[in-house]
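Chain by chain, the residues:
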Amino acid sequence: MAETIFDVAIIGGGPAGYTAAIRAAEYGLKVALIEKTDKLGGTCLHVGCIPTKALLFNAEIWDHLKHAADFGIAGIGTPTLDWAAVLKRKNAIITKHVKGLEFLMKKHKISVVPGYGRLTGAAQEGVHTVDVAAADDAVSQVKAKNVILATGSDAKMLPGLEADGSVLTNIEILSLAEPPKSLIVIGAGAVGMEFSSIFRSFGTEVTVVEFLPRVVPVEDEEISKELTRLYKKRGIDVNTGARVEKVEKTDTGVKVTYTDANGKTQVKEAEKVLVAVGRAGRTANVGLDKTRAELERGLIKVDEAQETAEPGVFAVGDIVAGLPQLAHVGAMAGMVAAAKIAGRKFRPIRRDRIPGCTYTEPQIGSVGLTEAQAKEKGYAVKVGKFPFAGNSKATILGNHDGFVKIVADSKYGEILGVHILGPQATELIAEAVAVLELEGTVEEMMFAIHAHPTLAESLLDAYGAVEGMAINA
Ligand SMILES: Cc1cc2nc3c(=O)[nH]c(=O)nc-3n(C[C@H](O)[C@H](O)[C@H](O)COP(=O)(O)OP(=O)(O)OC[C@H]3O[C@@H](n4cnc5c(N)ncnc54)[C@H](O)[C@@H]3O)c2cc1C
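Quick summary incoming for the structure in this document.

Parameters at a glance
- Residues numbered from 1 in each chain as written.
- Predicted model: local features only at pLDDT ≥ 70, side-chain atom pairs only at ≥ 80, totals over all residues.
- Heavy atoms only, no water.
- Helix = DSSP H or I, 4+ residues; strand = E, 2+ residues; numbered from the N terminus.
- Rg over C-alpha atoms; globule rule 2.2 N^0.38 Å.
- Buried < 20%, exposed > 50% of the residue type's maximum accessible area, 1.4 Å probe, protein only.
- Contact = heavy atoms within 4.5 Å.
- Areas by Shrake-Rupley, 256 points an atom, 1.4 Å probe, with all protein chains shown as cover.
- Lys, Arg positive; Asp, Glu negative; His and termini not counted.
- Charge placed at Lys NZ, Arg CZ, Asp CG, Glu CD.
- Disulfide = S-S within 2.5 Å.
- Near = heavy atom within 4 Å.
- Polar contact = N/O pair within 3.5 Å; in protein donor to acceptor, adjacent residues only side chain to side chain.
- Nonpolar A, V, L, I, M, F, W, Y, C, P; charged D, E, K, R; others polar.
- Pairing = 2+ DSSP bridges.
- Axes fitted to C-alpha atoms, helices over the stretch in contact; angles between N-to-C directions.
- Expected span 1.5 Å × (residues − 1).
- Patch = residues over 30% accessible without salt bridge, like charges linked within 9 Å, V, L, I, M, F, W, Y side chains within 5 Å.
- Salt bridge = Lys/Arg side-chain N within 4 Å of Asp/Glu carboxyl O.
- 1 Å grid on protein atoms, 1.4 Å probe; cavity = no way out; pocket = protein on both sides within 12 Å on 5 of 7 lines; lining within 4 Å.
- Points joined across faces, edges and corners; volume = space filled by probe spheres on them.

As a further point, take the overall build of the protein chain. When its secondary structure is counted, the protein chain shows 13 helices and 24 strands. Over its C-alpha atoms the protein chain spans a radius of gyration of 24 Å, differing by no more than 12% from the 23 Å that the globule rule assigns to 473 residues. Looking at the protein chain as a whole, 50% of its 473 residues are labelled buried. For the protein chain, long-range pairs separated by at least 24 residues make up 61% of all intrachain contacts whose partners lie at least 6 apart in sequence. A total accessible area of about 22,500 Å² is found for the protein chain, and carbon and sulfur atoms account for 53% of it. Averaging the positions of the 53 positive and the 58 negative side-chain charges in the protein chain gives two centres separated by 2 Å.

A cis amide bond links Glu-361 with the next residue in sequence, Pro-362, at an omega value of -5°. A cis amide bond links His-452 to the next residue, Pro-453, at an omega of -10°. Inspection of the secondary structure puts Pro-453 in the loop between α12 (442-446) and α13 (457-466). Residues other than glycine seldom take positive phi values, yet Asp-137 does so here, at roughly 75°. Residue position: Asp-137 is located in the loop between β5 (128-133) and β6 (139-149). For Gln-424, which is not glycine, the phi dihedral falls at a positive 55°.

It is worth spelling out the state of the cysteines at this point. For the structure on display, the rule yields zero disulfides. Cysteine Cys-357 is unpaired, with the sulfur of Cys-49 as its nearest cysteine sulfur at 11 Å. For Cys-357, a relative accessible area of 14% translates into the label buried.

This part takes up the side chain of Ser-153. Residue placement: Ser-153 occurs in strand β7 (residues 153-155). For Ser-153, a relative accessible area of 1% corresponds to the buried category.

Inspection of the region around the ligand gives 38 residues, with Glu-35, Thr-43, Lys-53, Asp-318 and Ala-327 positioned closest. At a separation of 3.5 Å, a nitrogen atom of the ligand approaches a polar backbone atom of Cys-49. Of all the elements in the fold, those that place two or more residues in the shell around the ligand are α1 (15-26), β2 (31-35), α2 (42-47), α3 (49-66), β4 (116-119), α6 (190-201) and α8 (327-342). Broken down by element, the residue count for the shell around the ligand peaks at four residues, all from α2. Each residue belonging to the shell around the ligand can be placed in one class, and the counts come to 15 nonpolar, 17 polar and six charged.

Our focus in this paragraph is the sheet that holds strand β15 (residues 272-275). Read from one edge to the other, the open sheet built from five strands follows the order β8-β15-β9-β10-β11, with strand pairing classed as parallel. Bordering the open sheet on either side are β8 (167-168) and β11 (237-239), each of which pairs with just one other strand. As paired elements, strand β10 (residues 205-209) and β11 share three bridges and run parallel to each other. Counterpart to Val-208 in the pairing with β11 is Val-238. Contacts between α6 and the sheet are confined to β9 (182-186), β10 and β15, with β10 contributing the most and set at about 165° to the helix.

Moving on to helix α7 (residues 221-233). Over its 13 residues, α7 extends 19 Å from the first C-alpha to the last, a length consistent with the 18 Å expected when each residue adds 1.5 Å. Every buried residue of α7 is accounted for by Ile-223, Ser-224, Glu-226, Leu-227, Thr-228, Leu-230 and Tyr-231. Against the buried residues of α7 lie α6, β11, β21 (363-368), β23 (403-409) and β24 (415-422). Measuring from the backbone nitrogen of Glu-222 back to the side-chain oxygen at the start of α7 gives 3.1 Å, which picks out Asp-220 as the cap. Immediately beyond the C-terminal end of α7, within one or two residues, lies Gly-235, with a positive phi of roughly 90°.

To continue, consider a nonpolar patch on the surface. Taken together, the side chains of Phe-57, Ile-61, Leu-65, Phe-71, Ile-73 and Ile-76 make up a nonpolar region of the molecular surface, amounting to roughly 510 Å² of accessible area. By the secondary structure assignment, Ile-73 is in the loop between α3 and α4 (83-107). Residue Ile-73 is classed as partly exposed on the basis of its relative accessible area of 46%.

On to the layout of surface pockets, then. The volume enclosed by the second largest pocket comes to roughly 1,100 Å³. In terms of lining residues, the second largest pocket is bounded by 33 residues, among which Glu-60, Asp-63, His-64, Glu-361 and Asn-399 are the most central. Elements with a minimum of two residues in the lining of the second largest pocket: α3, α6, α7 and α11 (425-437). Classifying every residue of the lining of the second largest pocket by side-chain character gives 10 nonpolar, 12 polar and 11 charged.

Before going further, it helps to examine the sheet that holds strand β14 (residues 265-270). With antiparallel pairing, the three strands of this open sheet are ordered in space as β12-β13-β14. Of all the strands in the sheet, the pair left with one neighbour each is β12 (243-249) and β14. Pairs of neighbouring strands in the sheet enclose a mean axial angle of 20°, with direction left out of account. Pairing analysis gives six bridges linking β12 to strand β13 (residues 254-259), with the strands arranged antiparallel. Its bridge partner lying in β13, Val-247 is registered against Val-256.

Written out as structure tokens, the structure is:
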């Protein structure tokens, strides 16, 4: 039988890889998807986006129940948390979506090849060879005209530490037998802040230790400042500008020694410590050294079509240099690479059009330039800010924390950035993504009708606020 030569072989079945596979198949290409574990979905589905958001929803319901009487719901008594049921629900959500992916692979006639994929070098006569090592170490070969690397990332560890029962990464923390009594979170990016939010809701004493001067450091400074205030109000001990010196095991858990922002040594003890200090791309051991692909601090350099310096070898997702490590970025990069391989039109990923969502309580949704970035770029900046305190739907929800901030260019009124902290911010940001994609102006958006009563009206008020003309504040 003639050997199959695929149009594209994809290494890694996370959101970047499976999205590339589906889109390539939709273009009519013959696709192989190589995955080393027995389940598709990657970090995102198994130990990232989906399980964390499932737990955050449990936390939200739990928080609502604490205030049931305020909503006229009596007789709840003292709710108790069935943690095993919480984890069971989370796992059922994951299983449902793994099955969904399996269905999609069949629907699109994608050949899923189990095993560990490794490039063997440049293409020979236009065909790449990928070695695939099965669980029993038997090596087979997949041949394809193009290869997309989508191997994802692992949590970084602090030097000398290893994940175990008390030192946790995103993996271990998602299957704890019960919420810890106390938790130190090292790192105040999205992952650290989301776990802090989850476990604080369930009653854990949470301490956050962040090296940089502010939490969620990629966000607009005003967002970091207000989130810090609200976390402290929730009883979370937030320490920024703090350098971790030592993490030691104790009889009861862990002891973290750090130097605080004033240069003083501080020691905190807790039952568990979560290390959430970033993620390292899985770029070793995939055969990159046998190609011309270039690395930048361990991540792969690509052009605007996601192609590496090795012709026909593409990279998408968390392994790519210069893009945020987010599922929706990886998925879009997969669609871009698939379009390029199929010879179809595509729009390159623009860094300033990527929404960033942090599903904390309250949530953050942002897109485009922060106020500081817009000023650095030389724009004459105008800012409009509207607090959720003036929004009637927020009152109905009983959630007035936060604000919408619009960063606009004062010359043409173009909206450069939208930064939301507050209820449903991660849903509201979709409007802002569309506005930025279409290069909308403040004037246009001030006359775009927003339904009443909605949280989205806070955007309308914030556009107005740029001209000093919010209605509800
Ligand atoms: C706790 C947490 C919460 C997060 N929440 C969000 C969120 O809410 N929203 C968001 O956008 N992002 C979130 N992220 C980030 C998101 O999970 C990643 O950006 C996303 O999973 C990256 O997708 P990927 O396909 O590049 O890699 P991965 O999801 O890591 O998938 C890579 C796949 O490749 C496989 N693989 C690796 N090497 C090989 C090989 N050599 N051969 C075969 N298979 C291989 C792996 O087994 C895996 O299945 C979160 C991350 C964490 C840790």
